[in-house]
Every structure is written in structure tokens, then in C-alpha cells.
Amino acid sequence: MATEGKKNPMRDIKIDKLILNCCVGESGDRLTRAARVLEQLTGQQPVYSKARYTLRSFGIRRNEKISVHVTVRGEKALEIVERGLKVKEYELLQKNFSDTGNFGFGINEHIDLGIKYDPTTGIYGMDFFVCLTRAGARVARRKVKQGRIGHPHKITKADAIKWFTDKFEGIVLAKAV
């Protein structure tokens, strides 16, 4: 066969983007310190997110800034994901993976990522969400000559799990231990 021994480079899975989210649940000084932590980690300016509606039990009002997030792409995203997975000891649950081939996990302390502890800042947890893609995904997002991505080219949950275990030699558990 002609394709034997050759690998299709269009089928390679890569990280499209990494979203780091740090939800503090209140505006003010704690939120700005969390933004400083994300800026230290990524070297990018984070964006503030607002509450969609008032929740009296949580003590938040509508349109109050309650969280901060940043989107990282390229090699820097891969490096930060690697540091986050090292904290999780390269173990994720099957439910961490979505049907569309993305995965996410959380860490409790940002100092585990290698950032030096600062008593004035405090300790913050954060969520990692990784979006995976294949080459050619722009076809569905571009403005002119827009097309659709065929079903065999879409990333499934099984593809994402296989990529995770091959790339990071990680372990995917069925249930939490």
C-alpha cells in the first residue's frame, strides 16, 4: 500500500489554546492579587469576568467582577499544561474529557506550579481548560469560503484520551480513588 509507513500530518492533534481561570467569588483586592498571579504565570494581561446574576447566598451582585482568566496559545500553553499536569501527577479522570475532545482540570494551590510564595498575595487555586485541534480547523471559523469539518476529522473523547496518554504518558482513571 502507498500509505503504509507514512503518517498524515493533517491528522496530528495539537493544543489550540489553554484557558486559565481563577474564580475568587468577590471583587476587590483578592481579585487583583489573583490577576497578578495569572500575569506572573503567563506573562499576559488577564481579563476580568463578571457575575451573570445576583446570588445572595454567595454574596455576589450582577455585573460584579468575580473572576479573572487568560488564554494562552502556542508553546507557552504546552509548557504551562505540562506544569499543571505535573501537579496532578499526570493522572486525570475520564470525566475530565469532553465529547468534543477538550479536557480540563483544577489545582488547589498556584505555588505548586513553581511560582514563589508571597505572603502578601496569598494562595489561589485555578482551573485549566485545554482545547485540542487538528490542522485545517480554520476552515470552519474563517469568514470567506467557510466550510465544515468532516466527522472523521473532528476530535472525539477517545482521540483526546489517546493524545493525552501518548504525549504526556498520563493515566486516565475511570473513577476517583
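Before reading on, note that the structure itself is shown above.
Bear in mind the structure is a predicted one, so any value in this text is a computation, not a measurement.

**Overview of the nonpolar core**
Item 1. Ranked by internal contacts, the top residues of the largest apolar core, which has 37 residues, are Leu-18, Leu-20, Phe-103, Met-126, Phe-128, Leu-132 and Trp-163.
Item 2. Ignoring any residue separated from it by four or fewer positions in sequence, one finds Met-126 in contact with Leu-20, Asn-21, Cys-22, Val-37, Leu-38, Leu-41, Phe-105, Gly-106, Ile-107, His-110 and Leu-113.

**Some thoughts on the sheet that holds strand 2 (residues 47–50)**
Item 1. Taken in spatial order, the five strands of this open sheet run 2-3-1-6-5, and their pairing is antiparallel. Every other strand in the sheet has two partners, leaving strand 2 and strand 5 (103–107) as the edge strands with one partner each. Along the sheet, successive strands turn relative to each other by an average axial angle of 25°, direction set aside.
Item 2. Bridging between strand 1 (residues 13–23) and strand 3 (residues 65–72) involves six bridges; their strand directions are antiparallel. Within strand 3, the residue paired with Leu-20 across the bridge is Val-70.

**Observations concerning the environment of Lys-154**
Item 1. Within the secondary structure, Lys-154 is located in the loop between strand 6 (126–134) and helix 3 (157–168).
Item 2. Overall, the relative accessible area of 45% leaves Lys-154 in the partly exposed class.
Item 3. Spatially, the C-alpha atoms of Lys-154 and Thr-100 are 7.7 Å apart, while their sequence positions differ by 54 residues.
Item 4. In this structure Lys-154 touches Arg-134, Ile-149 and Asp-159, once residues within four positions along its chain are discounted.

**Some details on the packing of aromatic side chains**
Item 1. Under the counting rule described, the total for this entry stands at seven aromatic pairs.
Item 2. Relative to Phe-168, the ring of Trp-163 has its centre 5.6 Å away and its plane inclined at 90°; by these criteria the two rings are edge-to-face.
Item 3. Residue classification places Trp-163 among the buried residues on the basis of a relative accessible area of 10%.
Item 4. Through a chain of ring-to-ring contacts, three or more aromatic side chains come together here, namely Phe-97, Phe-103, Trp-163, Phe-164 and Phe-168.
Item 5. Above the ring of Tyr-48, the side-chain terminus of Lys-65 is found at 5.0 Å from the ring centroid.

**A few points about the environment of Lys-14**
Item 1. Counting through the fold element by element, Lys-14 comes out in strand 1.
Item 2. For the pair Lys-14 and Val-72, spaced 58 residues apart in sequence, the C-alpha to C-alpha distance is 13 Å.
Item 3. Leaving out residues up to four positions away in the same chain, Lys-14 has contacts with Cys-131, Leu-132, Thr-133 and Ala-135.

**Some details on the side chain of Arg-33**
Item 1. Of note, Arg-33 is situated in helix 1 (residues 29–42).
Item 2. Overall, Arg-33 belongs to the buried group, its relative accessible area being 19%.
Item 3. Polar contacts involving the side chain of Arg-33 include one to the main-chain carbonyl oxygen of Thr-121, which spans 3.1 Å.
Item 4. Side chain to side chain, Arg-33 and Tyr-124 meet in a polar contact 3.4 Å long.
Item 5. The residues contacting Arg-33, other than those within four sequence positions of it, are Thr-120, Thr-121 and Tyr-124.

Definitions and limits used
Every chain is numbered independently, its residues counted from 1 as its sequence is written. Reporting in this predicted model follows two pLDDT cut-offs: at least 70 for local features of residues, and 80 or more for side-chain atom pairs to be given and counted; totals over whole chains, interfaces and linings ignore these cut-offs and use all residues. With hydrogens and water excluded, all non-hydrogen atoms of the structure serve as input to the side-chain values. Remark: nonpolar core denotes a set of buried residues (Ala, Val, Leu, Ile, Met, Phe, Trp, Tyr, Cys) joined through side-chain atoms within 4.5 Å. When a residue's accessible area, from a 1.4 Å probe over protein chains only, is under 20% of the maximum for its type it is buried; when over 50% it is exposed; and in between it is partly exposed. Residue contacts are defined here by distance: any two heavy atoms, one from each residue, within 4.5 Å place the two residues in contact. Two strands pair if DSSP finds at least two bridges between them. Each helix corresponds to a stretch of at least 4 residues labelled H or I by DSSP, and each strand to a stretch of at least 2 residues labelled E; elements are numbered beginning at the N terminus. Orientation is described by axes fitted as lines to C-alpha atoms, over the contacting stretch for helices, and by angles from 0 to 180 degrees between their N-to-C directions. Each pair of aromatic rings taken from Phe, Tyr and Trp, with Trp reduced to its six-membered ring, is defined by centres within 6.5 Å and is described as stacked if the planes are under 30 degrees apart, edge-to-face if over 60, and tilted in the remaining cases. Note on criteria: charge over ring means Lys NZ or Arg CZ within 6 Å of the ring centre, with the direction from the centre no more than 35 degrees off the ring normal. Polar contacts, as used here, are pairs of N or O atoms within 3.5 Å; protein pairs need one atom able to donate a hydrogen and one able to accept it. Residues neighboring in sequence count only if both atoms are side-chain atoms.

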